[in-house]
Amino acid sequence: MSVFDLQHGTVVLGGRRILEEVSVTVDEGEFVAILGANGSGKTTLVRTLVGLNPLEAGTLTVFGTPLARFREWPRLGYVPQRLSVGGGVPATVGEVVASGRTGRLSRFRRFSRDDRAAVAHALEDVGLSDRAGDPVATLSGGQQQRVLIARALAGEPEVLVLDEPTAGVDADSQDTLAGALGHLSNNGGSVVLVAHELGPLAGLIGRAVVLSHGQVQSDGPPPQPEGHHAAPGHVHVHPHADEQPPSTFGLDR
Ligand SMILES: Nc1ncnc2c1ncn2[C@@H]1O[C@H](COP(=O)(O)OP(=O)(O)O)[C@@H](O)[C@H]1O
Ligand SMILES: [Mg+2]
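Here the structure is a predicted model, which means the values were calculated and not measured.

Mean pLDDT over the protein chain: 85, with 84% of residues reaching 70 or higher. Below a pLDDT of 50 lies the segment residues 228–253, which in the model reaches 30 contacts outside its immediate sequence neighbourhood of four places, other chains included.

Here is the structure:
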């Protein structure tokens, strides 16, 4: 079954067509990177997939249900681009991560042992178990990003959508993130990840959708790391490889 199925999606923001006839399908268990230059529409696309931007034209189903009828929001985790949680809020790491469970709490059910276990697992996944009691503001930028990812993971989503989770994040945090996402993926979860540079995440990516000026430029196996040369018998996997060399495949600014 598909997690997201966007067909001929057109999105208009501020009177401008930001996405033009974009078709993207993400199947269960897939790990898809959304690549492309700044302003190509990556954030707009993932916001559209999680229901935050209306479609001007086209169709979108989420877990097989047309968006307008979709109600199972806890199945989705979304980590927006450059969200700051530190700003003067005295919440601890543990409290922020626990807030990721609220979508699963029913009106009459209090925080249970399952909820506490999910929070503990999420903290462990991002390597912050020992910081649970610390105010978020005392963490580094990369660690704060990990808190947001843990909050999404605590909701035990079936698909996690992350918008540039590695931008401006230290190498340790990138490695930890790669471990956490690999864990989710190995357990059958789906991941949609917007990235400018893949770094340690490169090995996890199964498919890359490259956007250019609000349209899909290519959709297929991910770009190969620098220095890769096609071996004899190498399958031609880049639909538009003649337009751009693989080393800058949609990642140029
Ligand atoms: N709310 C908005 N209103 C008007 N234009 C927007 C809005 N959000 C994004 N845009 C424009 O849409 C284009 C794509 O933006 P975005 O999806 O953020 O790209 P990316 O994430 O790839 O950098 C940019 O030109 C941006 O200025
Ligand atoms: Mg963006």
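Next comes the rest of the write-up.
Turning our eyes to something else, we now look at the sheet that holds strand S1 (residues 2–13). Here we have four strands laid out as an open sheet, ordered S2-S1-S4-S5, and antiparallel in their pairing. Looking at strand neighbours, the two that pair on one side only are strand S2 (16–27) and strand S5 (65–66), the edges of this open sheet. Bridge analysis of strand S4 (residues 57–62) against S5 gives two bridges, and the strand direction is antiparallel. Opposite Val 62, over in S5, you have Thr 65 as the bridge partner.

As a further point, take the environment of Leu 55. Locating Leu 55 in the fold gives a position in the loop between helix H1 (42–49) and S4. What makes Leu 55 partly exposed here is its relative accessible area of 29%. Once you skip the residues sitting within four places of it in the chain, Leu 55 turns out to touch Leu 6, Gly 9, Thr 10, Val 11, Thr 48 and Leu 60.

A few words on the sheet that holds strand S9 (residues 207–212). One open sheet holds the six strands; their spatial order is S6-S7-S8-S3-S9-S10, and the pairing between them is mixed. Here the strands that pair on one side only, and so sit at the sheet edges, are strand S6 (76–79) and strand S10 (215–220). Across this sheet, the average inter-strand angle for adjacent strands is 15°, counted without regard to direction. Pairing analysis gives four bridges linking strand S3 (residues 31–36) to strand S8 (residues 190–194), with the strands arranged parallel.

Reading the values: rules and limits
- Residues numbered from 1 in each chain as written.
- Chains lettered and ligands numbered in written order.
- Predicted model: local features only at pLDDT ≥ 70, side-chain atom pairs only at ≥ 80, totals over all residues.
- Heavy atoms only, no water.
- pLDDT = per-residue confidence, 0-100.
- Contact = heavy atoms within 4.5 Å.
- Pairing = 2+ DSSP bridges.
- Helix = DSSP H or I, 4+ residues; strand = E, 2+ residues; numbered from the N terminus.
- Buried < 20%, exposed > 50% of the residue type's maximum accessible area, 1.4 Å probe, protein only.
- Axes fitted to C-alpha atoms, helices over the stretch in contact; angles between N-to-C directions.

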